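Residue strings, one per chain:
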Amino acid sequence: MPINTPKFSPSEILTQLMEGNRRFIRGERNEHANREEALEKMRAPQNVIATVVCCSDSRVAPEHLFDAELGSLFVVRTAGGVVTAASLGSIEYSCLYAGSSLVFLLGHDDCGAVQATIQHLLDRYTPESDAIATIVQNILPCAAAAGPDQDIVQAVRATAVAHVERTMSRIIAASQPLRRLMGKGLVGVAGGLAVHTSGEVLLLPETDGTEKNS
Ligand SMILES: [Zn+2]
């Protein structure tokens, strides 16, 4: 398969996403294609600008939060935004072949997977299966900062942010294709936190690729 050359720089795409989020917050979403136009676009090859890695939570819908057109976001979703081998392969595919020039890891507050992990840390929750335990174990190193006396809302938010930051570092460390594309300036990695009460996406500081909390 031919390697895709993105049409926009990572910083241009990040600006587009954040502008879309501001439109969403203000209730000024763009007029998107009607059904016929949407179907026509879907018959054409994908026109991906960014890869969004996020939680499966029903309230975290990237196309809505970033006011993005169908076909423009390559979305990788698991509970908690946990990146597995298959997720990483999906991220690499989108950057190598689908035209993505930005990998945006989107955590969110009030996350059930993060709450379950904190409860597990406090010995109040035992995962029902190995599959669910995989999710909890992935988030667990980031839940250490949430002590038993800490406000649960704040603890969930702090853990979600730490998990996004750690995942950003981990995917860079784990993916040679991603590092190669980043080295050429073709792909960037960014992270944010969605506030479910407002729909606002808070941008997190850039990562230097150093893994944290490992
Ligand atoms: Zn969640």
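Up top is the structure.
If you're wondering where the values come from, they're calculated on a predicted model, not measured in any experiment.

**Some words on the overall build of the chain**
Link 1 in the chain: In terms of helices and strands, the chain carries 8 helices and 5 strands.
Link 2 in the chain: Starting at the N terminus and walking to the C terminus, you meet the elements of the chain as α-α-β-α-β-α-β-α-α-α-α-β-β.
Link 3 in the chain: Over its C-alpha atoms the chain spans a radius of gyration of 17 Å, differing by no more than 12% from the 17 Å that the globule rule assigns to 214 residues.
Link 4 in the chain: Each principal axis of the C-alpha distribution contributes one length, and for the chain these read about 50 × 40 × 30 Å.
Link 5 in the chain: Residue burial in the chain is summarised as follows: out of 214 residues, 40% are buried.
Link 6 in the chain: Long-range pairs, those at least 24 residues apart, make up 74% of the contacts in the chain with a sequence separation of at least 6.

**What to know about the nonpolar core**
Link 1 in the chain: With 54 residues, the main nonpolar core has Val53, Val103, Phe104 and Leu106 as its most contacted residues.
Link 2 in the chain: Of the residues forming this core, the biggest block, 8 residues, is contributed by helix 7 (residues 152–174).
Link 3 in the chain: The contact partners of Leu106, leaving out residues within four places of it in the chain, are Val52, Val53, Cys54, Val60, Pro62, Gly81, Gly192, Ala194 and Val201.

**Focus: the packing of helix 4 (residues 85–96) against helix 8 (residues 176–183)**
Link 1 in the chain: At a closest axis distance of 9 Å, the pairing of helix 4 and helix 8 adopts a crossing angle of 35 degrees. Crossing handedness for the pair helix 4 and helix 8: left-handed. Along the contact surface, helix 4 presents Glu92, Cys95 and Leu96, while helix 8 presents Pro177, Leu178 and Leu181.
Link 2 in the chain: The residue makeup of the contact of helix 4 with helix 8, split by class, is 5 nonpolar, no polar and 1 charged.

**Thoughts on helix 6 (residues 130–143)**
Link 1 in the chain: Here helix 6 contains 14 residues, and its C-alpha end-to-end distance of 19 Å stays within 8% of the 20 Å for a straight helix at 1.5 Å per residue.
Link 2 in the chain: What helix 6 keeps buried is the set Ile135, Val136, Asn138, Ile139, Cys142 and Ala143.
Link 3 in the chain: Considering only its buried residues, helix 6 is in contact with helix 5 (112–121) and helix 7.

**Comments concerning the packing of helix 5 against helix 6**
Link 1 in the chain: At their nearest, the axes of helix 5 and helix 6 sit 9 Å apart, and the two run at 70 degrees to each other. What the angle tells us is that helix 5 and helix 6 run roughly perpendicular. Touching Ala113, Val114, Ala116, Thr117, Ile118, His120 and Leu121 of helix 5 are Ile135, Val136, Ile139, Leu140 and Ala143, all from helix 6.
Link 2 in the chain: Tallied by class, the residues present in the contact of helix 5 with helix 6 amount to 10 nonpolar, 2 polar and no charged.

**What to know about the sheet that holds strand 2 (residues 73–78)**
Hydrogen bonding along the main chain pairs the strands of a sheet, whether they run parallel or antiparallel.
Link 1 in the chain: Reading across from one edge, 2-1-3-4-5 is the order of the 5 strands in this open sheet, with mixed pairing throughout. Each edge of the open sheet carries a strand with a single partner, namely strand 2 and strand 5 (201–203). The mean inter-strand angle of the sheet, taken between neighbouring strand axes irrespective of direction, is 25 degrees.
Link 2 in the chain: Bridge analysis of strand 1 (residues 50–55) against strand 3 (residues 102–108) gives 4 bridges, and the strand direction is parallel. Its bridge partner being in strand 3, Thr51 is matched across the sheet by Val103.

**Brief notes about the environment of Leu202**
Link 1 in the chain: Structurally, the position occupied by Leu202 is in strand 5.
Link 2 in the chain: In contact with Leu202, not counting residues within four places along its chain, are Gly192, Leu193 and Val195.

**Concerning the environment of Val156**
Link 1 in the chain: By secondary structure assignment, the location of Val156 is in helix 7.
Link 2 in the chain: Sequence-wise, Val156 and Glu12 are 144 residues apart; in three dimensions their C-alpha atoms are separated by 31 Å.
Link 3 in the chain: Excluding residues that lie within four positions of it along the chain, Val156 makes contacts with Asp109, Asp110, Cys111, Val114, Gln115 and Ile118.

**Things to note about the pairing of strand 4 (residues 188–194)**
Link 1 in the chain: The element strand 4 is largely enclosed, with a buried count of 6 among its 7 residues.
Link 2 in the chain: Where strand 3 meets strand 4, 7 bridges bridge the pair, whose relative direction is parallel. By the bridge assignment for strand 4, Phe104 is matched with Ala190.
Link 3 in the chain: Here strand 4 runs beside strand 5; their pairing, made up of 3 bridges, is antiparallel. Bridge pairing in strand 5 places Leu193 opposite Leu202.
Link 4 in the chain: Joining the antiparallel neighbours strand 4 and strand 5 is a turn of 6 residues, in which Gly199 adopts a positive phi near 80 degrees.

About the criteria used
Residues numbered from 1 in each chain as written. Predicted model: local features only at pLDDT ≥ 70, side-chain atom pairs only at ≥ 80, totals over all residues. Helix = DSSP H or I, 4+ residues; strand = E, 2+ residues; numbered from the N terminus. Rg over C-alpha atoms; globule rule 2.2 N^0.38 Å. Buried ≥ 20, exposed ≤ 12 C-beta atoms within 10 Å, placed from the backbone. Contact = placed C-beta atoms within 7 Å. Core = buried A, V, L, I, M, F, W, Y, C linked by C-beta atoms within 7 Å. Axes fitted to C-alpha atoms, helices over the stretch in contact; angles between N-to-C directions. Left-handed = near helix turned anticlockwise from the far one by under 90°. Nonpolar A, V, L, I, M, F, W, Y, C, P; charged D, E, K, R; others polar. Expected span 1.5 Å × (residues − 1). Parallel < 35°, antiparallel > 145°, perpendicular 65-115°, else oblique. Pairing = 2+ DSSP bridges.

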